[in-house]
Amino acid sequence: TAIFSPSGASAGIGFAIPIDTTRRIVTQIVAHGRTLRPTLGITVADDAWLRNLAVGIGKTLTGVLVMDAPEGTPAHAAGINGTTRNYGRIELGDLIVSANGHAVRTSEDLLSIVEEVPLNSRVELVVLRRCDERRREKVGVLAVDRTHLQVGVKP
């Protein structure tokens, strides 16, 4: 715990790191000399942009919109679809609404869930294909170390 105090007194803004997070990070540093940051290999839309898009198209979009799942990433291998442009028209990608049984409403929700997953384990996603509620699917995506991603490299 740390306190930011312009006066030097024990009054101000307090900051704390949860013990579970501290334990996980310290264990990784001791074992590997660095923190291991799991990723699915996707780029997602900014939450504010997604809210504005939802208003613009008159549709409820509660979740995280996938913008890109490049070749060479676990998400691409699992069949996750990014958002594309087709002759100036936006074709929405997959909307992630759940990860490992937890609701995903914001990109921070998804990041928090993925960061708690051990490397090389599957994250079970529920996605709406092309943001269509009628096309709800479960997809398992491998969480890998960010430093080992080979984006754009064909297998």
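Residues numbered from 1 in each chain as written. Predicted model: local features only at pLDDT ≥ 70, side-chain atom pairs only at ≥ 80, totals over all residues. Heavy atoms only, no water.

Peer 1: What am I meant to see in the overall build of the chain here?
Peer 2: Helices and strands together make up the secondary structure of the chain, namely four helices and 11 strands. The buried share of the chain, taken over its 155 residues, is 34%. Within the chain, contacts between residues at least 6 apart in sequence are counted, and of these 58% link residues at least 24 apart. Carbon and sulfur atoms provide 54% of the accessible area of the chain, an area that totals close to 9700 Å². (Helix = DSSP H or I, 4+ residues; strand = E, 2+ residues; numbered from the N terminus. Buried < 20%, exposed > 50% of the residue type's maximum accessible area, 1.4 Å probe, protein only. Contact = heavy atoms within 4.5 Å. Areas by Shrake-Rupley, 256 points an atom, 1.4 Å probe, with all protein chains shown as cover.)

Peer 1: Help me out: how do you make sense of unusual backbone geometry in this one?
Peer 2: Negative phi is the rule for most residues except glycine; trans is the rule for most peptide bonds. We note that N100 has phi near 50 degrees; this positive angle belongs to a residue other than glycine. Secondary-structure assignment places N100 in the loop between β8 (95-99) and β9 (102-103). Overall, N100 belongs to the partly exposed group, its relative accessible area being 32%. The phi angle at C131 is positive, at roughly 60 degrees, despite the residue not being glycine.

Peer 1: I tried to follow the pattern of salt bridges on my own but got confused; where do I start?
Peer 2: Side-chain pairs of opposite charge can arise where the charged atoms are in close proximity. In the structure shown here, the tally under the stated rule is six salt bridges. Measuring nitrogen to oxygen at the nearest pair gives 3.0 Å for the salt bridge that ties D132 to R134. Residue classification places D132 among the buried positions, given a relative accessible area of 16%. Among the ionic contacts, a cluster of salt bridges with common partners joins R37, E115 and R146. (Salt bridge = Lys/Arg side-chain N within 4 Å of Asp/Glu carboxyl O.)

Peer 1: Explain the side chain of T73 here, please?
Peer 2: Counting through the fold element by element, T73 comes out in the loop between β5 (64-68) and α3 (74-78). One polar contact links the side chain of T73 to the main-chain amide nitrogen of H76, over a distance of 3.2 Å. (Polar contact = N/O pair within 3.5 Å; in protein donor to acceptor, adjacent residues only side chain to side chain.)

Peer 1: What am I meant to see in the nonpolar core here?
Peer 2: One broad trend across soluble globular proteins is that nonpolar side chains are buried collectively. I80, I96, L110 and L125 are the most contacted members of the largest nonpolar core, which totals 19 residues. Of all elements in the fold, only β5, β8, α4 (107-115), β10 (121-128) and β11 (136-145) reach the threshold of two or more residues within this core. The contacts of L110, once residues within four sequence positions are left out, are I42, V64, I96, A99, V104 and L125. If you look at the next biggest cluster of nonpolar residues, it comprises 12 residues, including L53, L65, L95 and L128. (Core = buried A, V, L, I, M, F, W, Y, C linked by side-chain atoms within 4.5 Å.)

Peer 1: Help me out: how do you make sense of helix α2 (residues 47-57) in this one?
Peer 2: Three- or four-residue spacings in an α-helix give side chains the same orientation, since the helix completes a turn every 3.6 residues. Within the sequence span of α2, burial applies to D47, L50, L53 and A54. Projected down its long axis, α2 shows its buried positions confined to an angular sector of 120 degrees, all on one face. Exposed side chains of α2 directed beyond 90 degrees from the buried face belong to N52, V55 and G56. Packed against the buried residues of α2 are β5, β8 and α4. Between the side-chain oxygen of the N-cap and the backbone nitrogen of A48 there are 3.1 Å, and the N-cap of α2 in question is D46. G58 sits one or two residues past α2 and shows a positive phi near 65 degrees. (Arc of directions from axis to C-beta.)

Peer 1: Just to check I follow, could you spell out the side chain of T39 for this structure?
Peer 2: Looking at where T39 falls in the secondary structure, it is placed in strand β3 (residues 38-39). Judged by relative accessible area, T39 falls into the buried class, the value being 13%. A polar atom in the side chain of T39 sits 3.1 Å from the backbone nitrogen of G41. When neighbours within four sequence positions are excluded, T39 is seen to be in contact with V114, L142, A143, V144, D145, R146 and L149.

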